[in-house]
Amino acid sequence: MNFDPKQYWEERLKSLCNLEGVGCAGRTKAWNAFLYKSKVRTMNRALSKLGLDIRGYKALDIGTGVGFWIDYLLGKGVDSIIGIDIAPSSIELCKKKYSNLKNLKFVCGDISNDIFVSELGGYDLATLATAFDVLYHITDDDKFCAAIKNIAYALNPGGYLFLTDILSPSGDKISHQQHVRWRSLSYYEQELGNNRLDIVYLAPMTVLLGSPIDAGGLLGKILNVIYYGLTVRLTSKSKTFPGIESAYLTVLYTFDSFLASFSRFGVSTKLLVAKKRG
């Protein structure tokens, strides 16, 4: 049976219109909160390392979901945001949530659709684009390439794209989930380069809070024991351990922050920042 991404995300966000819906549906609210805390930490570090002050930027948020990154961008002082999502439930939620803000626009559509992007305003639409946990959910390679092309088209020369994927230096990784297609760093280098986007920053989103997909050998075995043997068991919604979970996640996040601060590649999803050539 063919995978229908619009139907999948619409059904998922209708039942879980919160961080569990856009994060991990099978895990607790506390675990998803720590996971997104790590994403914010990584984004802040990237902006600092790149010396970027995004106040006054025009942003394009791809895969808006429940508006998590809308809140982040507003907090950083961006001038305007266009939020895009394939799921009507996401757009309906965000329109209500931000109804009093005139500098925000929310549109339901597919970033891989050329006509949709041209109708948004097309060329030089934004100085910043975010695609967090979005592109690896585009499982069709032709649509993925179209999405990269359309994002690049919408960016101003000198504009930045922030995205996440497994980005393994050792090649594509196999996913056993119908809504996930992991792609390698070299895959991105080629597609981004074809669209005048140069990689300027790469860092792990997390080391210990995500599945260690990109870890091999003894390290991979150790991290798999930590993740599947401890983390998953303690943060599963089917079995909750409130007191233990809270203390465990606090300690885990502290170690995760330390490890992520000096590793370029990591073992789970990574943040990639690309800049459009002038």
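Residues numbered from 1 in each chain as written. Predicted model: local features only at pLDDT ≥ 70, side-chain atom pairs only at ≥ 80, totals over all residues. Heavy atoms only, no water.

Draft legend 1. How the structure looks around the sheet that holds strand β2 (residues 80-85). The seven strands lie next to each other as β3-β2-β1-β4-β5-β7-β6, forming an open sheet whose pairing is mixed. Of all the strands in the sheet, the pair left with one neighbour each is β3 (104-108) and β6 (197-204). Neighbouring strand axes in the sheet, compared pairwise and without regard to direction, differ in orientation by 15 degrees on average. As paired elements, β2 and β3 share five bridges and run parallel to each other. (Pairing = 2+ DSSP bridges. Helix = DSSP H or I, 4+ residues; strand = E, 2+ residues; numbered from the N terminus. Axes fitted to C-alpha atoms, helices over the stretch in contact; angles between N-to-C directions.)

Draft legend 2. View of the environment of L16. Positionally, L16 belongs in the loop between α1 (5-15) and α2 (19-22). You can call L16 buried: its relative accessible area is 18%. Residues L16 and N32 lie 16 residues apart in sequence; the distance between their C-alpha atoms is 13 Å. When sequence neighbours within four positions are dropped, the list of residues in contact with L16 reads G21, A25 and K237. (Buried < 20%, exposed > 50% of the residue type's maximum accessible area, 1.4 Å probe, protein only. Contact = heavy atoms within 4.5 Å.)

Draft legend 3. Structural view of the side chain of N150. With respect to the helices, strands and loops of the structure, N150 is situated in helix α7 (residues 141-154). Owing to a relative accessible area of 4%, N150 belongs among the buried residues under this scheme. A distance of 3.1 Å separates polar atoms of two side chains, one belonging to N150 and the other to D114. Contacts of N150, omitting those with residues within four sequence positions, involve I111, S112, N113, D114 and V117. (Polar contact = N/O pair within 3.5 Å; in protein donor to acceptor, adjacent residues only side chain to side chain.)

Draft legend 4. Fine view of unusual backbone geometry. Here D133, not a glycine, exhibits a phi torsion of approximately 55 degrees, which is positive. Its place among the elements puts D133 in the loop between β4 (126-131) and α7. By relative accessible area, which is 13% here, D133 ends up buried. Here R196, not a glycine, exhibits a phi torsion of approximately 60 degrees, which is positive. Among the structural elements, R196 can be located in the loop between α8 (185-194) and β6. Using a relative accessible area of 33% as the deciding quantity, one classes R196 as partly exposed.

Draft legend 5. A look at the packing of aromatic side chains. Scanning the model with the defined rule gives eleven aromatic pairs in all. An angle of 65 degrees between the planes, with centres 4.7 Å apart, marks the rings of Y36 and F68 as edge-to-face. One end of the pair, Y36, is in helix α3 (residues 29-50); the other, F68, is in helix α4 (residues 68-75), with 32 residues separating them in the sequence. The exposure class of Y36 is buried, given its relative accessible area of 4%. Owing to a relative accessible area of 23%, F68 belongs among the partly exposed residues under this scheme. With a centroid separation of 5.6 Å and an interplanar angle of 70 degrees, the aromatic rings of F144 and Y187 are classed as edge-to-face. Here F144, found in helix α7, pairs with Y187, found in helix α8; they are 43 residues apart in sequence, far enough to count as distant. The rings of Y36, F68, W69, Y72 and F132 are connected pair by pair, giving a single aromatic cluster. Its end group placed over the ring of Y253, K37 keeps NZ or CZ at 4.6 Å from the ring centre. The aromatic ring of F144 is capped on one face by R183, whose charged end is 4.0 Å from the ring centroid. (Phe/Tyr/Trp six-rings, centres within 6.5 Å; stacked < 30°, edge-to-face > 60°. Lys NZ or Arg CZ within 6 Å of the ring centre and 35° of its normal.)

Draft legend 6. Representation of the environment of L230. Note that L230 resides in helix α9 (residues 217-235). Here the alpha-carbon distance between L230 and Y248, two residues 18 residues apart in the chain, equals 9.3 Å. With residues up to four places along the chain from it excluded, the contact list for L230 reads V225 and Y248.

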